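This is what each chain is made of:
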Amino acid sequence: MDVMKILLETGALLEGHFLLTSGRHSDRFIMCSKLMMFPDKAEVVLKNVVEKLRDVEFDVVVGPAMGGVLVSYEIARQMGKVAMFTEKEGEGFVLRRGFEIKKGQKVLIAEDVVTTGKSSGGTIEVVKALGGEVVGIACIVDRSSREFEYPIYSAIKLDIETYEEADCPLCKKGIPLIKPKTQKS
């Protein structure tokens, strides 16, 4: 299975000149919601992650909303586990909707894209505060450039270069800037 091909086919991997939420610019943008529109293709991509998780012991999959909701569900479905999600509240995350993590439960964090690890980190804090034990982070795309405390199990690892506006070669070429997170359908 060619994960890159599926990401391109579904429009989940975009190419152009993008303004990222960090304020930096990039020539590629990942929008996994486009992949998740196609359950059959999402299942295939996440099977790659599930294969890497076969020897990892865990009880629950928890994803930060929004990006981790469907990813946690699909991984849990394929592995016969329980799926939950955290929600943003103020500067952090909370577990609501009757979801519970019991003391000592082994928890896998699931995301669509791991870049800085901010959403995963917020979810990890919730899990630890409830007495859960985090065993790793699963994701569709790992585009992080730093080491994490936990192993990352991804369908694909992408090195996507980003630039400060003043140093952006795309700006210098006059390529129009796109703000993908703010576009309306």
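Higher on the page you've got the structure.
Computed from a predicted structure; not experimentally measured.

**Student:** Is there a simple way to explain the overall build of the protein in this structure?
**Tutor:** Within the protein, the regular secondary structure consists of 6 helices and 9 strands. Rg of the C-alpha trace for the protein: 17 Å, near the compact-globule value of 16 Å for 185 residues, within the 12% margin. Based on the C-alpha atoms only, the size of the protein along its principal axes is roughly 55 × 35 × 30 Å. Within the span of the protein, comprising 185 residues, buried residues form 48% of the whole. Contacts in the protein between residues far apart in sequence, at least 24 positions, make up 61% of those at least 6 positions apart. Of the roughly 10100 Å² of accessible surface on the protein, a fraction of 50% belongs to carbon and sulfur atoms.

**Student:** Just checking my understanding: could you explain the sheet that holds strand S1 (residues 13–19) for this structure?
**Tutor:** The pairing of strands in a sheet comes from backbone hydrogen bonds and takes either a parallel or an antiparallel form. Spatial ordering of the open sheet is given by S1-S2-S9, a layout of 3 strands whose pairing is antiparallel. Each of the sheet's edge strands pairs with one partner strand only, and the pair in question is S1 and strand S9 (162–163). For strand S2 (residues 25–30) and S9, the ladder comprises 2 bridges, and the chain directions are antiparallel. Paired with His-25 across the strands is Tyr-163, a residue of S9.

Thresholds, definitions, all that
- Residues numbered from 1 in each chain as written.
- Predicted model: local features only at pLDDT ≥ 70, side-chain atom pairs only at ≥ 80, totals over all residues.
- Heavy atoms only, no water.
- Helix = DSSP H or I, 4+ residues; strand = E, 2+ residues; numbered from the N terminus.
- Rg over C-alpha atoms; globule rule 2.2 N^0.38 Å.
- Buried < 20%, exposed > 50% of the residue type's maximum accessible area, 1.4 Å probe, protein only.
- Contact = heavy atoms within 4.5 Å.
- Areas by Shrake-Rupley, 256 points an atom, 1.4 Å probe, with all protein chains shown as cover.
- Pairing = 2+ DSSP bridges.

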